[in-house]
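# What the coordinates show
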Amino acid sequence: MHIKDKLEQAKKGARVSIMMYILLTILKVAFGYLNQSHALVADGLNNATDVISSIALLIGLSISMRPADSNHNYGHYRSEFIASLIASFIMFAVSVQVIVQGITHFIKREYSAPTFEAGIVAFVSGLLMLVVYFYNRNLAKKVGSSALKAAAYDNLSDALVSFGTLGGILGVMFGFHTLDTIAAIVVGLIIMKTSIDIFKDTAITLTDGFDVETLTDMKNLVTTIPGVIRVIDLKGRNHGVITFADVTVTVNSLLTVKESHDIAEAIEFKMKEQFGSIETIVHIEPEGGDTDVQR
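Residues numbered from 1 in each chain as written. Predicted model: local features only at pLDDT ≥ 70, side-chain atom pairs only at ≥ 80, totals over all residues. Heavy atoms only, no water.

### As for the overall build of the chain
The condition is simple: Only DSSP runs of H or I reaching four residues or more are called helices, and only runs of E reaching two or more are called strands; each is numbered from the N terminus. Atoms counted for the radius of gyration: C-alpha only. Globule rule: 2.2 Å times the number of residues to the power 0.38. Contacts between residues were defined by any pair of non-hydrogen atoms, one from each residue, lying within 4.5 Å. In these tables, accessible area is a Shrake-Rupley quantity obtained with a 1.4 Å probe, and a residue counts as shielded only by the protein chains included in the view. When charges are counted, neither His nor the chain ends are considered; positive counts come from Lys and Arg and negative counts from Asp and Glu. Taken as the charge centre is NZ of Lys, CZ of Arg, CG of Asp or CD of Glu, depending on the residue.
Regarding its fold elements, the chain presents eight helices and three strands. For the chain, the N- to C-terminal ordering of α and β elements is α-α-α-α-α-α-α-β-β-α-β. Taking 19 Å as the expected radius of gyration for a compact globule of 295 residues, we find that the chain reaches 24 Å, considerably beyond that expectation. Here the C-alpha coordinates of the chain stretch approximately 85 × 35 × 30 Å along the principal axes. In the chain, once contacts between residues fewer than 6 apart in sequence are set aside, the share between residues at least 24 apart is 74%. As displayed, the chain offers around 14700 Å² of accessible surface, 65% of which is attributable to carbon and sulfur atoms. Treating the 24 positive side-chain charges of the chain as one cloud and the 29 negative ones as another, the clouds have centres 4 Å apart.

### Re the environment of L234
Checked against the element boundaries, L234 lands in strand 1 (residues 230–238). If near-sequence neighbours (up to four positions away) are discounted, L234 is found in contact with L215, M218, K219, V222, D246 and V247.

### Considering the packing of helix 7 (residues 212–223) against helix 8 (residues 257–275)
For any two helices packed against each other, the geometry comes down to the angle between their axes and how far apart the axes lie. Quick note on the threshold: To obtain an axis, a line is fitted to C-alpha atoms, over the contacting stretch when the element is a helix, and the angle between two such axes runs from 0 to 180 degrees between their N-to-C directions. If an angle is under 35 degrees, it is roughly parallel; if it is over 145, roughly antiparallel; if it lies from 65 to 115, roughly perpendicular; otherwise it is oblique. The sense of a crossing depends on the near helix, which, turned anticlockwise from the far helix by less than a right angle, makes the crossing left-handed and, turned clockwise, makes it right-handed.
Relative to each other, helix 7 and helix 8 sit at 135°, their axes nearing to 10 Å. The pairing of helix 7 with helix 8 is recorded here as oblique in orientation. Relative to helix 8, the crossing made by helix 7 is right-handed. For the pair helix 7 and helix 8, the contacting residues are T214, D217, M218, L221 and V222 in the first and I267, K270, M271, Q274 and F275 in the second.

### Notes on helix 8
This is how it is decided: To estimate the expected span of a helix, count its residues, drop one, and scale the result by 1.5 Å. A 1.4 Å probe rolled over the protein chains alone gives each residue an accessible area, and that area as a share of the maximum for its type sets the label: buried under 20%, exposed over 50%, partly exposed in between. Summarising the geometry, the arc corresponds to the directions from the helix axis toward the C-beta atoms.
Compared with an ideal rise of 1.5 Å per residue, which puts 19 residues at 27 Å, helix 8 spans 27 Å between its outermost C-alpha atoms and is within 8% of the ideal. Within helix 8, the full set of buried residues consists of S260, I263, A264, I267 and M271. Around the axis of helix 8, the buried residues are gathered within 100° of arc, so they sit on the same side. Residues of helix 8 that are exposed and point over 90 degrees away from its buried face: K258, F269 and E273.

### Notes on the sheet that holds strand 2 (residues 243–251)
Selection rule: By this definition, two strands are paired if DSSP reports at least two bridges between them.
With mixed pairing, three strands are arranged side by side in an open sheet as 1-2-3. This sheet does not close on itself; its edge strands, each paired only once, are strand 1 and strand 3 (278–286). With direction set aside, neighbouring strand axes in the sheet form an average angle of 15°. Sheet strands touched by helix 8: strand 2 and strand 3. Its angle to strand 3, the strand with the most contacts, is close to 150°.

### Looking at helix 4 (residues 116–143)
Taking 1.5 Å as the rise per residue, helix 4 with 28 residues should run 40 Å; its terminal C-alpha atoms sit 41 Å apart, in good agreement. Of the residues one or two after helix 4, G144 is the one with positive phi, at around 75°.

### Describing the pairing of strand 1
In the case of a regular strand, side chains alternate between the two sheet surfaces. Among the nine residues in strand 1, seven count as buried, and that is most of the element. The sheet contact formed by strand 1 and strand 2 spans eight bridges and is antiparallel. Residue D233 lies in a different strand from strand 2, and its bridge partner there is T248. Once strand 1 ends, the chain turns through four residues before running back antiparallel as strand 2, passing G240 with a positive phi of about 85°.

### Quick notes on empty space enclosed by the protein
Applied cut-off: Using protein atoms alone on a 1 Å grid, points that fit a 1.4 Å probe yet trap it form a cavity, whereas open point sets bounded by protein on both sides within 12 Å along at least five of seven lines form a pocket; residues with an atom within 4 Å of a point count as lining. Grid points are joined across faces, edges and corners, and a volume is the space filled by probe spheres set on the points. Classification used: nonpolar for Ala, Val, Leu, Ile, Met, Phe, Trp, Tyr, Cys and Pro, charged for Asp, Glu, Lys and Arg, polar for all others including Gly.
Taken as a whole, this structure holds one cavity of 30 Å³ or more when the rule is applied. Here the largest cavity is characterised by a volume of approximately 150 Å³. In this structure, the largest cavity is lined by 14 residues; those nearest its centre are S53, L57, A151, D154 and I198. Secondary structure elements with two or more residues in the lining of the largest cavity: helix 1 (3–34), helix 2 (38–64), helix 3 (79–107) and helix 5 (146–173). Element by element, the count of residues in the lining of the largest cavity is highest for helix 5, at five residues. Of the residues that constitute the lining of the largest cavity, the class distribution is eight nonpolar, five polar and one charged.

### Focus on unusual backbone geometry
It is generally the case that most residues other than glycine have a negative phi and that most peptide bonds are trans. The backbone phi angle of D208 is positive, close to 65°, even though this residue is not glycine. For D208, the location among the structural elements is in the loop between helix 6 (179–206) and helix 7.

### So, the side chain of S125
How we decide: Throughout this description, a polar contact denotes any pair of N or O atoms lying within 3.5 Å of each other; where both atoms belong to protein, one of them has to be capable of donating a hydrogen while the other can accept it, and for residues adjacent in sequence the pair is counted only when both atoms sit in side chains.
Within the secondary structure layout, S125 lies in helix 4. Of the polar contacts made by the side chain of S125, one reaches the backbone oxygen of V121; its length is 2.7 Å. With residues up to four places along the chain from it excluded, the contact list for S125 reads L24, K28 and S162.

### Examining the nonpolar core
Quick reminder of the rule: In these notes, a set of buried Ala, Val, Leu, Ile, Met, Phe, Trp, Tyr and Cys residues joined through side-chain atoms within 4.5 Å is what counts as a nonpolar core.
If you look at the biggest cluster of nonpolar residues, it comprises 18 residues, and the most contacted ones within it are L7, A10, A14, L57, L61, Y77 and L148. Secondary-structure elements contributing two or more residues to this core are helix 1, helix 2, helix 4 and helix 5. With four residues, the top contributor of residues to this core is helix 1. Of all hydrophobic cores here, the second largest spans 17 residues; its members include M218, L221, V222 and I225.

Encoded structure:
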């Protein structure tokens, strides 16, 4: 699948999330206020931040589709990570508001008395978000989008939040009057944790962090290519739906330029075959030269 096709597929996932989050935001906030559930209102506000996050992801994916230019030689693929970074800040701000509001209600003993209908809304919301999670998770695996994968896990956390909200509402109905308010605070903490996780994962990628196990797998693969004597150096960086790798290998110093070039092409082919959308830059050096020392 072409990279632009992958980005278009990823945008479908973002659009599905946006539509579902808008529906759930309206449903939860309205029912939360009408049925006096602090937890359901907090859950609705959580989904409101997810609308913004998904819109930011959609914009980031759209920018990612722009071709390389004089200022962006590797393309604009990392734009989706900038969108995720912005979304994490918004989510963190809303989580603080939800937590403070929940603690205030708890201190003032302003406990809510949610109805059975509010519980039904929370339950249905949890099921719907599970469907969206599986859809986006599978789509993220298919297209290799790190940002969409993060969005999918956000969908999962939203589903768990809704089921937690349901627990708080049921607790009040069974006589535990503080549970709905406590559930609202817990929802705020989950939103905060999700925002921090998204920020950490995005920051690692933007600072060229790369999975050590994947690098090891790449090195093991390159070592098996006929003609490669040793892998001196291998680096990788993630650009969303595409990965860039730089590998330096040694070959027999008596090989012709054509033979060395064929080895480089074999490495590029195998890397793409094994790891999908990856651009590999291969440096060929003679075995036993000055570069023999590990870099």
